Amino acid sequence: MIVASFNINGVRARLPRLLEWLQDRKPDVALLQELKCQDQAFPAEQFEDLGYNIATNGQKSFNGVAILSKYPLEDLNPVLDGDSGDTQARWLEAVVGGTRPVRVCCLYLPNGNPVPSPKYDYKLAWMERLHSKMSDLLALEEPAVVAGDYNVIPQPEDAAKPERWKNDALYLPETRAAWRRLLNMGYTDAFRAVHPTARSFTFWDYQRRAWQRDDGIRIDHMLLTPQCADMLKDCQIDRNVRAQEKPSDHVPIWVELNT
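Worth saying up front: this structure is predicted, and the values here are computed from it rather than measured. (Residues numbered from 1 in each chain as written. Predicted model: local features only at pLDDT ≥ 70, side-chain atom pairs only at ≥ 80, totals over all residues. Heavy atoms only, no water.)

Engineer: What's the story with the packing of aromatic side chains in this structure? I'm lost.
Structural biologist: Across all of its chains, the model carries 5 aromatic pairs by this definition. With 5.4 Å between their ring centres and 90 degrees between their planes, Tyr150 and Trp179 make a pair best called edge-to-face. In this pair, Tyr150 is assigned in the loop between strand 8 (144–149) and helix 4 (173–184) and Trp179 in helix 4, connecting sequence segments 29 residues apart. Both residues of the pair, Tyr150 and Trp179, belong to the buried class. Here the aromatic rings of Trp204 and Trp211 are separated by 4.9 Å at their centres, their planes lie at 90 degrees, and the arrangement is edge-to-face. Exposure class is identical for Trp204 and Trp211. Each is buried. Joined through ring pairs, the aromatic side chains of Phe201, Trp204 and Trp211 make up one cluster. Over the ring of Tyr52 we find Lys70, and its NZ or CZ is 4.8 Å from the ring centre. In this structure, Arg90 is placed above the aromatic ring of Tyr108, and the distance from its NZ or CZ to the ring centre is 4.8 Å. (Phe/Tyr/Trp six-rings, centres within 6.5 Å; stacked < 30°, edge-to-face > 60°. Helix = DSSP H or I, 4+ residues; strand = E, 2+ residues; numbered from the N terminus. Buried < 20%, exposed > 50% of the residue type's maximum accessible area, 1.4 Å probe, protein only. Lys NZ or Arg CZ within 6 Å of the ring centre and 35° of its normal.)

And the structure:
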């Protein structure tokens, strides 16, 4: 089973690129972030034509997440518990089939800039809620993938120029400490498990010719429960997608699981 994550940065604006990638990579499950559209505006028909079942948690002009799955979607949940007043569409989870079912959780973690600000407070609070959720997932003792745009640069090697990010919400010590808390519970960073020392990125800004200069950062991650880590066969980043016409500023990352 191939499970992929892709911050598409506007699903309608990037639809041709997304369809091309789906037909090329053929993921069994694709987790999408930053849809920037409401549920009724999501271009579902084009994905259904490719054989995908679809679930969305959309929001007008901002945020929004979706799950595309070749398997039936069960136990759908669009809510990250812990803040009943939070209306931002940043979470969606489901169980997908196969010989061994896998729970897939799609997230779009807040950016948090500028710092200090209520946006950064919201980011840290969201990460605390995520920690509680991921603790609950561990208690289920089942294969689960928690993937998406984490907006976290975990280590210096995850940025081409880490010194430029030292005061950014993606790289502040408090942000990275919250990330380590997730790993320390027992989750596996799939990319680092397969590529312990690789210098590879998932995001290049549209500004300052970042792509041309390979001035990127790794902020899209796939964390696996122990039961899922035992199934891990491969994890790769589809870097070439960033070189296409009118691309997202992110590229897909995917895992192959022995199910």
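Now that the structure has been shown, we can carry on.
Engineer: Would you mind showing me how to read the pattern of salt bridges here?
Structural biologist: Pairing is possible between side chains that carry opposite charge, provided their charged atoms lie close to one another. On inspection of all chains with the given rule, the structure shows 16 salt bridges. With a shortest N-O distance of 3.7 Å, Lys36 and Glu34 are connected by a salt bridge. Given the relative accessible area of 30%, Lys36 is considered partly exposed. Between Glu93 and Arg103 there is a salt bridge, with its nearest N and O atoms 3.1 Å apart. You can see Glu93 sitting in strand 6 (residues 91–96) and its partner Arg103 sitting in strand 7 (residues 102–108), a full 10 residues away along the chain. Here Glu93 matches Arg103 in class, with each residue buried. Linked through salt bridges whose partners overlap, the residues forming this network are Asp75, Glu93, Arg103, Lys133 and Glu142. (Salt bridge = Lys/Arg side-chain N within 4 Å of Asp/Glu carboxyl O.)

Engineer: Sorry, what's going on with the sheet that holds strand 5 (residues 73–77) here?
Structural biologist: Sheet strands pair via backbone hydrogen bonds, and the direction of the pair is either parallel or antiparallel. Strand order in the open sheet made by the 6 strands is 5-6-7-8-12-9, with mixed pairing throughout. Each of the sheet's edge strands pairs with one partner strand only, and the pair in question is strand 5 and strand 9 (188–189). Strand direction decides the pairing type here: strand 6 and strand 7, joined by 6 bridges, are antiparallel. Directly across from Leu92, in strand 7, lies its bridge partner Cys106. Across the sheet, helix 4 touches strand 9 and strand 12 (220–224), and the angle it forms with strand 12 is around 30 degrees. (Pairing = 2+ DSSP bridges. Contact = heavy atoms within 4.5 Å. Axes fitted to C-alpha atoms, helices over the stretch in contact; angles between N-to-C directions.)

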